[in-house]
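# Residue-level structure breakdown
Here is what each chain is made of, one letter per residue.
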Amino acid sequence: MTLDADRVAGLARAKLRALVRSRFPEVTAEPAAFNAGVGIAQGDRAFVYLSERAPSPMAAVLAWGERRGASDLHVVVDEPDPLLELQAGGLSPRPTLWLARGAGLQPMPGAPRPPTVAEMPAAARAQVPMLVGAGCEPVIEHGVVIGEVLGLEVARVVLDEAGAATVRAGVGLYDQEAHALVHAETPVETRLAMVVAEVRRHRHRRARPHPLNRVARERWLRSVLLDDPGLVGLDELEAEAPLQPRGGIHEARPVAARGRAGDRRVLVVASTGIDLDLVPAAAAHAAADPPDEVLLVLPARDHHRVVERMARHLAVPAELRAVADPWP
């Protein structure tokens, strides 16, 4: 039997009320529901139980706390969440994370731990020259070698059971699998050249709207910055892998890069649209390897007061920067 939404929300409110009062008996305010769970606000303190999986739970927590004038944030979850720990570690004041354990609260253990980076096999690394020769930008994420053109994946190096590496051409995983089946007799270099040419035909500012210039725009923006770091006042810039593997080319999420401006180490996080996950993503990358400064880069039309307000929560000085749209 499935519980209805009101019943589930009522159980979440009762759970948070009991958990908070077990440790903070002076908190007598009643819980209220919001888009990621339920929360209690009293004075400058807010307690949030993340009972729903919102697209950006930490952004929801920050926004809920702001609306209630709370600066001392406490976040309750059922299971440890390394990404949530990293995000909290890059914010100031830092939210306190708790685990719900029985009828009480248990502090989430320790400092945030950066994810373990998988090593890239030598066989996969040996395929990088082919990607570069075809006009791709090689990107390494979680031990996987990807070839991108203006931020869009057009190739991937895969390993068979014996550890031998093969380059698969195509826009994203599904297209790569189709190419491998339909064009198996065509040399991969030829297939890759065709895919690169097709992507470049559609992925520029004067092109007509097309599926190939609508996806992975946050990565397109980052590729522009990697090609010309001076657009945001940097001397150099290098792509940084996401803290969690990406689900596919249609999964839009902020992307990071590391650079320098003189002696300052700068973290750049780029996105498009009014992306509420931009600041939590920047916080996580900053906690994993603290920079001297954070630049949040968006197209000018996507600058919004809500992003500016959220940027003030970062523990490292942050600034919003605008870059012209490279797409039609």
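It should be noted that the structure appears before, not after, this text.
Since this is a predicted model, take the numbers as computed values, not measurements. (Residues numbered from 1 in each chain as written. Predicted model: local features only at pLDDT ≥ 70, side-chain atom pairs only at ≥ 80, totals over all residues. Heavy atoms only, no water.)

### Observations concerning the pattern of salt bridges
A pair can form between side chains of opposite charge whenever their charged atoms are brought close. Going through the model one piece at a time under the given rule, you end up with 17 salt bridges. In this structure, glutamate 153 and arginine 246 form a salt bridge, with 4.0 Å as the shortest nitrogen-oxygen distance. One end of the pair, glutamate 153, is in strand β9 (residues 152–159); the other, arginine 246, is in the loop between β11 (236–240) and β12 (255–261), with 93 residues separating them in the sequence. Each member of the pair, glutamate 153 as well as arginine 246, is classed as buried. For arginine 301, the salt bridge identified is with aspartate 325, shortest N-O distance 3.3 Å. With arginine 301 in the loop between β14 (293–299) and α10 (305–311) and aspartate 325 in the segment after β15 (318–323), the pair connects residues that are 24 residues apart, well separated along the chain. Look at aspartate 325 and you get buried, because its relative accessible area is 19%. (Salt bridge = Lys/Arg side-chain N within 4 Å of Asp/Glu carboxyl O. Helix = DSSP H or I, 4+ residues; strand = E, 2+ residues; numbered from the N terminus. Buried < 20%, exposed > 50% of the residue type's maximum accessible area, 1.4 Å probe, protein only.)

### Some points on the packing of aromatic side chains
Under the counting rule described, the total for this entry stands at four aromatic pairs. Considering the side-chain rings of phenylalanine 24 and phenylalanine 47, the 5.0 Å spacing of their centres and the 50° angle between planes classify their relative orientation as tilted. With phenylalanine 24 in the loop between α1 (5–23) and β1 (32–34) and phenylalanine 47 in strand β3 (residues 45–49), this pair connects stretches of sequence that are 23 residues apart. Both residues of the pair, phenylalanine 24 and phenylalanine 47, count as buried. Chaining the aromatic ring pairs together yields one cluster made of Phe24, Phe47 and Trp98. (Phe/Tyr/Trp six-rings, centres within 6.5 Å; stacked < 30°, edge-to-face > 60°.)

Purely geometric numbers; function is a separate question.
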